[in-house]
Amino acid sequence: MQLMMFLVFVCVGTFPAVISGELRFSCQNRILIDSLVLQCQVDPRVDLSAKPLDVTRPDLKHQGKDVVHAYRHQHDFLTDQMDQYKGRTTLNREDLKNGTITLRISSVGPSDSGRYRIFVPGLFVHYITVDPGVKVVVEEDSDAVLPCSLSTKESIIAKVFDWRKDESQKEVFFYDSGIHYNNGRIGQDEQFRGRVSHYQDQLMNGNASIKIHNTKVADSGIYSCILPKLEPIQTFYVELVVGPGVKVVVEEDSDAVLPCSLSTKESIIAKVFDWRKDESQKEVFFYDSGIHYNNGRIGQDEQFRGRVSHYEDQLMNGNVSIKIHNTKVADSGIYSCILPKLEPIQTFYVELVVERLLRDRSGEIPGASKPSITVLDATKDWSLLQCEVHRASPEPKVQLQDGSGNILPAEERRGRYYVTLNITVTKTDRYLCVLTQEEISHQSRAETFVFISGAGNTTDRNVGVGIVVAVAAAAFVVVVVLLKLRQIKKKKKLSGPTGPEAEQNSNGLEKGTLMTPETNNSHSTAQNGLMTLTTVSELEDMC
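Residues numbered from 1 in each chain as written. Predicted model: local features only at pLDDT ≥ 70, side-chain atom pairs only at ≥ 80, totals over all residues. Heavy atoms only, no water.

Q: An account of the environment of His310 is requested, with residue identities and associated values reported.
A: With respect to the helices, strands and loops of the structure, His310 is situated in strand S25 (residues 308–310). In the structure, His310 is positioned 16 residues away from Asn294 in sequence and 9.5 Å away in space, judged by C-alpha atoms. Of note is the side chain of His310, whose polar atom sits 2.7 Å from the side chain of Glu312. (Helix = DSSP H or I, 4+ residues; strand = E, 2+ residues; numbered from the N terminus. Polar contact = N/O pair within 3.5 Å; in protein donor to acceptor, adjacent residues only side chain to side chain.)

Q: A description of empty space enclosed by the protein should follow, citing residues and the corresponding values.
A: Scanning the entire structure with this criterion turns up one cavity of 30 Å³ or more. Forming the walls of the largest cavity are Leu48, Lys51, Pro52, Leu53, Tyr71, Leu96, Ile101 and Val120. When grouped by side-chain class, the residues that make up the lining of the largest cavity number seven nonpolar, no polar and one charged. (1 Å grid on protein atoms, 1.4 Å probe; cavity = no way out; pocket = protein on both sides within 12 Å on 5 of 7 lines; lining within 4 Å. Points joined across faces, edges and corners; volume = space filled by probe spheres on them. Nonpolar A, V, L, I, M, F, W, Y, C, P; charged D, E, K, R; others polar.)

Q: Can you tell me about the pairing of strand S4 (residues 53–56), naming the residues and giving the values?
A: Along any regular strand the residues' side chains alternate between the sheet's two faces. A two-sided burial pattern is seen for S4, the buried positions comprising Leu53 and Val55 on one face and Asp54 and Thr56 on the other. Summarising the sheet, S4 and strand S5 (residues 67–72) pair through four bridges and their orientation is antiparallel. Considered in S5, the bridge of Asp54 is made with Ala70. Of the pairings in the sheet, the one linking S4 to strand S9 (residues 114–120) comprises three bridges and is antiparallel in character. Paired with Val55 across the strands is Ile118, a residue of S9. (Buried < 20%, exposed > 50% of the residue type's maximum accessible area, 1.4 Å probe, protein only. Pairing = 2+ DSSP bridges.)

Q: Would you mind going over the nonpolar core in detail, with residue names and values included?
A: The biggest cluster of nonpolar side chains holds 28 residues, and the ones touching the most others in it are Leu38, Ile101, Tyr116 and Phe124. Listed by contribution, the elements that provide at least two residues to this core are strand S2 (24–32), strand S3 (35–43), S4, S5, strand S8 (100–105), S9 and strand S10 (124–130). Ranked by residue count, the leading element in this core is S3, at four residues. If we skip the residues at most four places from it in the chain, Ile101 touches Phe25, Leu38, Gln39, Cys40, Leu48, Leu53, Leu91, Leu96, Ile118, Val120 and Phe124. (Core = buried A, V, L, I, M, F, W, Y, C linked by side-chain atoms within 4.5 Å. Contact = heavy atoms within 4.5 Å.)

Q: Which residues make up unusual backbone geometry, and what are the values?
A: Note the cis peptide between Ser393 and Pro394, where omega equals 5 degrees. In this structure, Pro394 sits in the loop between strand S30 (383–389) and strand S31 (397–401). For Ser289, which is not glycine, the phi dihedral falls at a positive 50 degrees. Of note, Ser289 is situated in the loop between strand S23 (282–288) and strand S24 (291–292). A residue is classified by how much of its surface remains accessible, and Ser289, at 41% relative accessible area, is partly exposed. Positive phi is not limited to glycine here, since Asn326 has a value of about 50 degrees. The residue Asn326 is located in the loop between strand S26 (322–324) and strand S27 (333–339) in this model. Accessibility expressed as a relative area gives 34% for Asn326, which makes it partly exposed.

Q: Kindly report on the pattern of salt bridges, identifying the contributing residues and their values.
A: Going through the model one piece at a time under the given rule, you end up with 27 salt bridges. Asp274 is paired through a salt bridge with Arg276; the nearest N and O atoms lie 2.5 Å apart. Across this residue pair, the class does not change: Asp274 and Arg276 are buried. A salt bridge links Arg414 to Glu412; its shortest N-O distance comes to 2.5 Å. Overlapping salt bridges bring together Glu252, Asp253, Lys328, Arg359, Arg361 and Glu364 as one network. (Salt bridge = Lys/Arg side-chain N within 4 Å of Asp/Glu carboxyl O.)

What follows is the structure, given as structure tokens:
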């Protein structure tokens, strides 16, 4: 019997391990066609062929056996191997000589999901979790349905099913032929008491799903749905993620601090903490007693390489927060802060949301186009502008603007992937063609400067009028001065001097020179921006 679920196997528990001396192990798992491959590698390479090895399933220990594969004295030792793995495991002995443990599990199925323990006595112990494809994500304080249904729809009213959580095998819900934790059975873990129900009316259809009410972040984890009286025993898994209580929102290209601190403020300088991202369990930051990705440890995901730091001076206070520098939209997601060596293991969640900035992303994102603006035709009074956008997807918003940012009405033509705007302008100014694609946070612009030289150009016309007015005012001043001087001349002729003293004035000015109160010099200058006047004779000649 199989559950109606689709399983994708990914590694969710590959803690890089520092072992004795300078040896380090890194582990991973992968699917090759229908096989699950568990692999750990030692660095630097050493021969492991003479070392004993155990691969077990601690999450299935309650069934009596937990051995997946054992190796002793350079031979397989499968006496205590679990029934479900018999004939399906192969250990690559050649790889052992090169410091690599490679275990292949063939005919992989849903029951192969779970937690694997890889143990080399005297060297290291390591855990790999093969993640179930069923993942339930809910917000804290809401209800979560964990699905578990038989594809045969066989009635399980008179059968047994048992729900447990994580390696500790906390009792979540137990049903045995109508008797369960909600009607008298004892043994349910305190964490779930009074919060778990099943679907009584669906048991006849093979539905062993449960509902956890009023979920808490502590409810997050791997749940096993066990049907022990089926042949063979069936065990399936569902991951529950209860939405984090902490949500960090930052703008793209800024730094983000993801908080994670122990309430006890216990020092973790000599402990381990591991930050991972999303279902894929990307390695964000791993710290083990002072060794981490920024000082020699290997295994960090390429996405975060060189961009993550921790607070070294805060470790003594139980602060394992990290900072992601220069965030990108791709950094958005659910981050888990895992402290695997605490009792019990502690896991906290933080949601990071990186908001896009509206900027030019042409060349970064397919479909992020660049506009162009050209002058199609022009006279001294106007210019015809065209704004064009090609190969834009998603559909863009395109605007023509003047130098002040005002949106101008334009004639528009659109196609599937192009936009064209035409407009006739009559003013000297800077003009912009602005393209915006909100869905991908892309904005780009092109601009041109237009000079209108004709009478229709308000700016030029105003300048010309100003010049004319200035010249007219200057001419008026000249005329007034000339008339005034003519009057003075006539008065002198009527009452001119008769004695020798008339030949020379008191200032020694020669005859014919005009003396005014404004000057003590032999010449008087009247400046109006156009000419300079000196003597009365010159003025008379001009008149």
